[in-house]
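Commentary on secondary and tertiary structure
As a plain string of letters, each chain reads:
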Amino acid sequence: MDQLTLQKLLSNLPLGAVRYFHTIESTNDLAIRWAEAGAPHLALVVADEQTAGRGRAGRRWFTPAGSALAFTMVLRQGVGELATYLPRLTALGALAVCDTLNAALPPVTPAQIKWPNDVVVNRRKLAGVLAEAHWRGEQLTALILGIGINVAQASVPPPEMVDFPSTCVEEVLEQAVDRWELLRVVLKKLLEWHQRLEEPEFIRAWERRLAFRGEWIQLIVENQPPLEGLLLGLEADGSLRLRLRSGETAAFQFGEVRLRPQKPTQAV
Ligand code: BTN
């Protein structure tokens, strides 16, 4: 891939601008610097390889050359209320990846969203989303939406790098995949859903794709004992609705929480 070929491939999409890199530390970091320097709304950074890709909660994200998709979009308009917008933005990336894969996957093993930001197939992760807010002083200047997709086998991280089982698009589709065509379709879906971010249907679509619904899960909040609950669905604002062991129903906001399915023996 190169800058001109990528620009041509994406020319029918209403993107602000496109920058392609063979190797970069992190497309999110580049997008933040570009946003500071005046990147337009819907500017896109794409890299073949990341040497310091970032995941949530300070984790590393593996993007070896020639096998994965790593890209970041800068959003500047219609940003609205940050507390509502940021969780939806994370879901937007995951929803776009799910819809793209579900057009090709059998309905019994769909791509689903492991709340809030992972895409899983057969309970294995193949994509992650990192949405970040960028401020200058007190002013929110841009939102950054970074998406990483494991496409070919070489992009599946070694087990010691991850705390959740991983897979890749080629493994679940059982066929070779054109990474750049995959990128084009994911971006198309993303831009379509972006128009609908404020609609109740956006949350319903997110909820329909929720992984582990009806299962007992653990929510892991930094520095606290794991919390167990039956995953019921989403609230209207995208927070996660659980039935706790006590029988109470509680909602959990997007933040530094991680979700784990419990072992099948503990499921009811
Ligand atoms: C996660 O699952 O923890 C989120 C992973 C997000 C990875 C993507 S790859 C493109 C963009 N650049 C980064 O450094 N991170 C995101």
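Residues numbered from 1 in each chain as written. Predicted model: local features only at pLDDT ≥ 70, side-chain atom pairs only at ≥ 80, totals over all residues. Heavy atoms only, no water.

Focus on the side chain of Thr 100
Summarising the element assignment, Thr 100 is placed in helix α3 (residues 82–102). Exposure remark for Thr 100: the relative accessible area of 11% places this residue in the buried category. (Helix = DSSP H or I, 4+ residues; strand = E, 2+ residues; numbered from the N terminus. Buried < 20%, exposed > 50% of the residue type's maximum accessible area, 1.4 Å probe, protein only.)

Brief notes about the packing of aromatic side chains
Pairs of aromatic rings are described using the distance from one ring centre to the other and the angle between the two planes. With the rule as written, the count across this model stands at 2 aromatic pairs. Ring centres of Tyr 20 and Trp 180 lie 6.0 Å apart, and the angle between their planes is 80°; this geometry places the pair in the edge-to-face category. Residue Tyr 20 is located in strand β1 (residues 17–24), and its partner Trp 180 is located in helix α5 (residues 179–194); the two are separated by 160 residues in the primary sequence. Here Tyr 20 and Trp 180 have matching classes, each one buried. Pairing Trp 193 with Phe 202 gives two aromatic rings, centres 5.9 Å apart and planes at 75°, and the pair type is edge-to-face. As far as burial versus exposure is concerned, Trp 193 and Phe 202 are alike and both buried. Just above the ring of Trp 34 sits the side chain of Arg 19; from NZ or CZ to the centre is 4.1 Å. In this structure, Lys 114 is placed above the aromatic ring of Phe 164, and the distance from its NZ or CZ to the ring centre is 4.7 Å. (Phe/Tyr/Trp six-rings, centres within 6.5 Å; stacked < 30°, edge-to-face > 60°. Lys NZ or Arg CZ within 6 Å of the ring centre and 35° of its normal.)

A word on the environment of Gln 253
Structurally, the position occupied by Gln 253 is in the loop between β12 (249–252) and β13 (257–261). Residue contacts for Gln 253: discarding those within four places in its chain leaves Trp 115, Asp 237 and Ser 239. (Contact = heavy atoms within 4.5 Å.)

A look at the pairing of strand β9 (residues 216–221)
In the sheet, β9 pairs with strand β10 (residues 227–234) via 4 bridges, with the strands oriented antiparallel. Residue pairing across strands places Trp 216 opposite Leu 230, the latter belonging to β10. Once β9 ends, the chain turns through 5 residues before running back antiparallel as β10, passing Asn 223 with a positive phi of about 60°. (Pairing = 2+ DSSP bridges.)

Description of the site of the ligand
Around the ligand sit 21 residues, and of these Ser 26, Gln 50, Arg 54, Arg 56 and Lys 125 come closest. Contact distances for the ligand include 2.7 Å between a nitrogen atom and a backbone N or O atom of Arg 54. In the environment of the ligand, an oxygen atom lies 3.4 Å from a nitrogen or oxygen atom belonging to the side chain of Asp 118. For the ligand, whose accessible area on its own is 420 Å², the fraction buried by protein is 99%. Elements with a contribution of two residues or more to the shell around the ligand: α2 (27–36), β2 (43–54), β4 (68–75), β7 (124–136) and β8 (139–150). The biggest single contributor to the shell around the ligand is β7, with 4 residues. Of the residues in the shell around the ligand, the class split is 6 nonpolar, 11 polar and 4 charged. (Near = heavy atom within 4 Å. Polar contact = N/O pair within 3.5 Å; in protein donor to acceptor, adjacent residues only side chain to side chain. Areas by Shrake-Rupley, 256 points an atom, 1.4 Å probe, with all protein chains shown as cover. Nonpolar A, V, L, I, M, F, W, Y, C, P; charged D, E, K, R; others polar.)

A closer look at the domain arrangement of the protein
Annotation of the protein at the domain level lists domain 1 (3–208) and domain 2 (216–259). The C-alpha-based centres of domain 1 and domain 2 are spaced at 24 Å. Regarding the contact of domain 1 and domain 2, the summed buried area is about 1400 Å², with carbon and sulfur atoms giving 60% of it. Among the residues of domain 1 in contact with domain 2, Arg 56, Trp 115 and Glu 207 are the three that bury the most area, contributing 47% of the side total. At the junction of domain 1 and domain 2, the tally comes to 0 salt bridges. The tally of links between domain 1 and domain 2 comes to 2 residue pairs in polar contact (both at pLDDT 80 or more). Counting residues per element, the ones that place at least two in the side of domain 1 that touches domain 2 are α3 and α6 (200–208). Classifying every residue of the side of domain 1 that touches domain 2 by side-chain character gives 6 nonpolar, 1 polar and 6 charged. (Domains from an automatic or database assignment. Buried area = accessible area lost by both parts, 1.4 Å probe. Salt bridge = Lys/Arg side-chain N within 4 Å of Asp/Glu carboxyl O.)

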